[in-house]
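Each chain, written out:
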Amino acid sequence: MTSSFNASDFFFRCPDRPFMDMGMTRQLIEQTRRQVRTCAVEGKFEGPVIFTPPCLEDILGMIEDNFLSDRVLISGASPYKNRLNDKVASDILTVACRPLDQDLVCGYFSTSDGYPAENMNLIEKGVLRNFVLSRYGAAKTGLARSANDGGCYVVDAGHTPLEKMIGDIKQGLLVNRFSGGSPGVDGDFTGVAKNSFLIKDGMIADAVSETMISGNLMQLLQSVSAVSSERVNNGAYILPWVKVEGITVSGK
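What you see is a predicted model, and the numbers here were worked out from it, not measured in a lab. Within any chain, residue numbers begin from 1 and follow the written order of that chain's sequence. Given that this is a predicted model, residues contribute local features only at a pLDDT of at least 70 and side-chain atom pairs are listed and counted only at 80 or more, while totals for whole chains, interfaces and linings are drawn from all residues. Note that water and hydrogens are dropped before the side-chain values are worked out from all heavy atoms of the structure.

Caption draft 1: Representation of the overall build of the protein. Going along the chain from the N terminus, every DSSP run of H or I of four or more residues is numbered as a helix, and every run of E of two or more is numbered as a strand. Along its length, the protein carries 6 helices and 13 strands. A 1.4 Å probe rolled over the protein chains alone gives each residue an accessible area, and that area as a share of the maximum for its type sets the label: buried under 20%, exposed over 50%, partly exposed in between. Burial statistics for the protein: of 252 residues in total, 49% are counted as buried. Should any heavy atoms of two residues lie within 4.5 Å, those residues are considered in contact. Sequence separation of 24 or more characterises 73% of the internal contacts of the protein that already satisfy a separation of 6 or more. The accessible surface values rely on the Shrake-Rupley method and a 1.4 Å probe; as for residues, cover is taken only from the protein chains in view. In the structure as shown, the protein presents an accessible area of about 12100 Å², 51% of it carried by carbon and sulfur atoms.

This is the structure:
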């Protein structure tokens, strides 16, 4: 049984590098070869999970939508509604929305409301610095309109090489894709880890089939224990690999 379909995308102004070196093309082709045959994870465990850059983009999108957007702030459902300038994440995590970053091809110059877009930090060394509020959202909540419309994620590189990050894990999971429904209002999520690999005794082991992962987005932010020194720039984001503790992994 194969793991699942997968894709690598990237955006560029000038193709100045070989195709295989752009985005995560080389890594994903090699991983796809290994995913022709998969194994089932036995039982259930709680442990560290490494999220790859494309999977991290999806997670950051869920966090933005679930905690920082017009919808949840206007309704009062966001658990972060009174947490601006509070510590909500690990000290080693800085997340920015940078539509004007010169290294991103897929940026934008104006917001959906017609204001000039500016770069902004969402989380700075673990501290929540900004929401993602439109002019309407700002008027309804009494909070400040944000400097941009979100997206264009850039996460600061960490100090841990990916090889060491993997090498420090006795039992865990490398997650390339997450397939699940929208998280609950409180941030609880559950879904299937697609195109993913078991990490065992510091090595990437077998590709896994239909393995469930679950956790909570707020706890996830606080449980980031390592950020890789390597980052991937696909033109739409510049993101590292991140290691998160305490994710529940469920097999058969």
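Caption draft 2: Seen up close, the state of the cysteines. Our working definition of a disulfide is a cysteine sulfur pair at a distance within 2.5 Å. For the structure shown, the criterion picks out 0 disulfides. Left unpaired, Cys97 is separated from the closest cysteine sulfur, that of Cys152, by 7.6 Å.

Caption draft 3: A look at the packing of aromatic side chains. Note on aromatic pairs: the rings of Phe, Tyr and Trp (six-membered ring only in Trp) are paired at centre separations within 6.5 Å, and the planes decide the class, stacked below 30 degrees, edge-to-face beyond 60, tilted for the rest. Under the definition given, this model contains 2 aromatic pairs. Geometrically, the ring pair formed by Phe67 and Tyr80 is tilted, given 4.8 Å between the ring centres and 55 degrees between the ring planes. Here the residue Phe67 occupies a position in helix 2 (residues 53-68), and Tyr80 occupies one in the loop between helix 3 (70-75) and strand 2 (95-97), the gap between them amounting to 13 residues. Here the aromatic rings of Phe178 and Phe189 are separated by 5.7 Å at their centres, their planes lie at 90 degrees, and the arrangement is edge-to-face. In this pair, Phe178 sits in strand 7 (residues 177-180) while Phe189 sits in strand 8 (residues 188-194), placing the two residues 11 residues apart along the sequence.

Caption draft 4: Highlighting the nonpolar core. With 59 residues, the main nonpolar core has Ile50, Phe51, Leu122, Leu173 and Ile213 as its most contacted residues. Ranked by residues supplied to this core, first place goes to helix 2 with 8 residues. Setting aside residues up to four positions removed in sequence, Phe51 forms contacts with Ile59, Val175, Ile213, Leu220, Pro240, Trp241, Val242 and Val244. We define the nonpolar core as a collection of buried residues of types Ala, Val, Leu, Ile, Met, Phe, Trp, Tyr and Cys that are connected through side-chain atoms lying within 4.5 Å of one another. Membership of the second largest hydrophobic core comes to 6 residues, among which are Leu104, Ala117, Val154 and Ile238.

Caption draft 5: Representation of the pairing of strand 6 (residues 171-175) within the structure. Counting buried residues along strand 6, 4 of its 5 residues qualify, which places the element largely inside the surrounding structure. When DSSP finds at least two bridges between two strands, those strands are taken to pair. Note that strand 1 (residues 44-51) and strand 6 share 3 bridges and pair parallel. Counted as the bridge partner of Phe51 is Val175 from strand 6. In this sheet, strand 9 (residues 197-200) lies alongside strand 6 in antiparallel orientation, the contact comprising 4 bridges. Within strand 9, the residue paired with Gln171 across the bridge is Lys200.

Caption draft 6: Structural detail: empty space enclosed by the protein. In this analysis a 1.4 Å probe is tested at points of a 1 Å grid over the protein atoms alone, and where it fits but cannot get out there is a cavity; an open set with protein on both sides within 12 Å along at least five of seven lines is a pocket; lining residues have an atom within 4 Å of a point. Grid points are joined across faces, edges and corners, and a volume is the space filled by probe spheres set on the points. For the structure shown, the criterion picks out 3 cavities of 30 Å³ or more. There is about 70 Å³ of room inside the largest cavity. For the largest cavity, the full set of lining residues is Leu56, Ile59, Leu60, Ile63, Leu93, Val95, Val155, Leu220, Leu221, Val224 and Val242. Looking at the lining of the largest cavity, the elements with two or more residues in it are helix 2 and helix 6 (217-222). With 4 residues, the single largest contributor to the lining of the largest cavity is helix 2. When residues are sorted by character, Ala, Val, Leu, Ile, Met, Phe, Trp, Tyr, Cys and Pro go into the nonpolar class, Asp, Glu, Lys and Arg into the charged class, and all the rest, Gly among them, into the polar class. Partitioning the lining of the largest cavity into residue classes produces 11 nonpolar, no polar and no charged.

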